[in-house]
Amino acid sequence: GEKATSEFEAARGNIAGFINAKKGNEIIFLRNATEAVNLVMYSWGKNNINKTDTVLTTVMEHHSNFVPWQQLAKEKNATFQVVNITDDGFLKEDEIIKYAKNAKFFAFSYISNMLGTINQVSKIIEKVRKENKDIVILIDAAQAVPHKKVNVQELDCDFLVFSGHKMLSETGVGVLYAKEKLLDVMLKESVSGS
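Model, not experiment: these values are computed from the prediction.

## A short note on unusual backbone geometry
- Backbone geometry places N20, a non-glycine residue, at a positive phi of 60 degrees.
- With respect to the helices and strands, the residue N20 is situated in the loop between α1 (2–19) and β1 (27–30).
- A residue is classified by how much of its surface remains accessible, and N20, at 30% relative accessible area, is partly exposed.
- The phi dihedral of D156 falls on the positive side, at around 60 degrees, and the residue is not glycine.
- Relative to the helices and strands, D156 is located in the loop between α6 (152–155) and β6 (159–163).
- In this structure D156 comes out as partly exposed when scored by relative accessible area, which is 29%.

## Re the pairing of strand β7 (residues 174–178)
- With five of five residues buried, β7 is to be regarded as a mostly interior element.
- By the alternation rule, side chains of β7 split into G174, L176 and A178 and V175 and Y177, which are all buried.
- Of the pairings in the sheet, the one linking β1 to β7 comprises four bridges and is antiparallel in character. Across the sheet, residue F29 finds its bridge partner in β7, namely V175.

## Some details on the packing of helix α4 (residues 93–100) against helix α5 (residues 121–131)
- As a packed pair, α4 and α5 sit with axes 9 Å apart at the nearest point and diverge in direction by 35 degrees. In this structure, α4 meets α5 at a crossing whose hand is right-handed. Between α4 and α5, the residues in contact are E93, I96, I97 and A100 and K123, I124, K127, V128 and E131, respectively.
- Per-class residue counts for the contact of α4 with α5 are five nonpolar, no polar and four charged.

## Thoughts on the pattern of salt bridges
- As enumerated under the stated definition, the model contains 13 salt bridges in all.
- Measuring nitrogen to oxygen at the nearest pair gives 2.7 Å for the salt bridge that ties K179 to D156. Pair noted here: K179 is in the loop between β7 and α7 (180–192) and D156 is in the loop between α6 and β6, with a separation of 23 residues, a long-range link.
- Residue K179 is classed as buried on the basis of its relative accessible area, which comes to 16%.
- Taken together, the salt bridges that share partners define one network made up of R129, D156, D158 and K179.

What counts and how
Residues numbered from 1 in each chain as written. Predicted model: local features only at pLDDT ≥ 70, side-chain atom pairs only at ≥ 80, totals over all residues. Heavy atoms only, no water. Helix = DSSP H or I, 4+ residues; strand = E, 2+ residues; numbered from the N terminus. Buried < 20%, exposed > 50% of the residue type's maximum accessible area, 1.4 Å probe, protein only. Pairing = 2+ DSSP bridges. Axes fitted to C-alpha atoms, helices over the stretch in contact; angles between N-to-C directions. Left-handed = near helix turned anticlockwise from the far one by under 90°. Contact = heavy atoms within 4.5 Å. Nonpolar A, V, L, I, M, F, W, Y, C, P; charged D, E, K, R; others polar. Salt bridge = Lys/Arg side-chain N within 4 Å of Asp/Glu carboxyl O.

Okay, here's the thing in structure tokens:
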């Protein structure tokens, strides 16, 4: 048991190094990226989104990064806002900035599995944070991590999800990166039952 725990924690540390997380405990293993998105929705979203909030996503998302936020907004009677794309398949950055000003949460993909569009994630996050420093941002990096160097500290995202099977890992392995301060909040909320 000790050997298995040690190897498991070493794997967590390897993944943290791979995406440049500050600590291994910012990495949570799940079955896939979909389960990671759902974990964030159930453990952070249900405790932090209220009827006065706006949940923001984009039209280019995979259903697994669209439907949970749509359903959460519906359940909480929050505003659900969707950013459109230009004729050449890029996110409309003016819409992102307009909607993000008052949004509490923003989920979007690094690379769209639908269009293949590579979003300028660091630029988008930087602009969004200038407008709204308190917004919580989740990046679906399932298509990006196998093909690009992803650095969560440089991106300054709050959550990032990806699946192992897209990068020649075993099936049934997914990763959720979460900033430590958000994990602490999620843990306290789950323990208190709120």
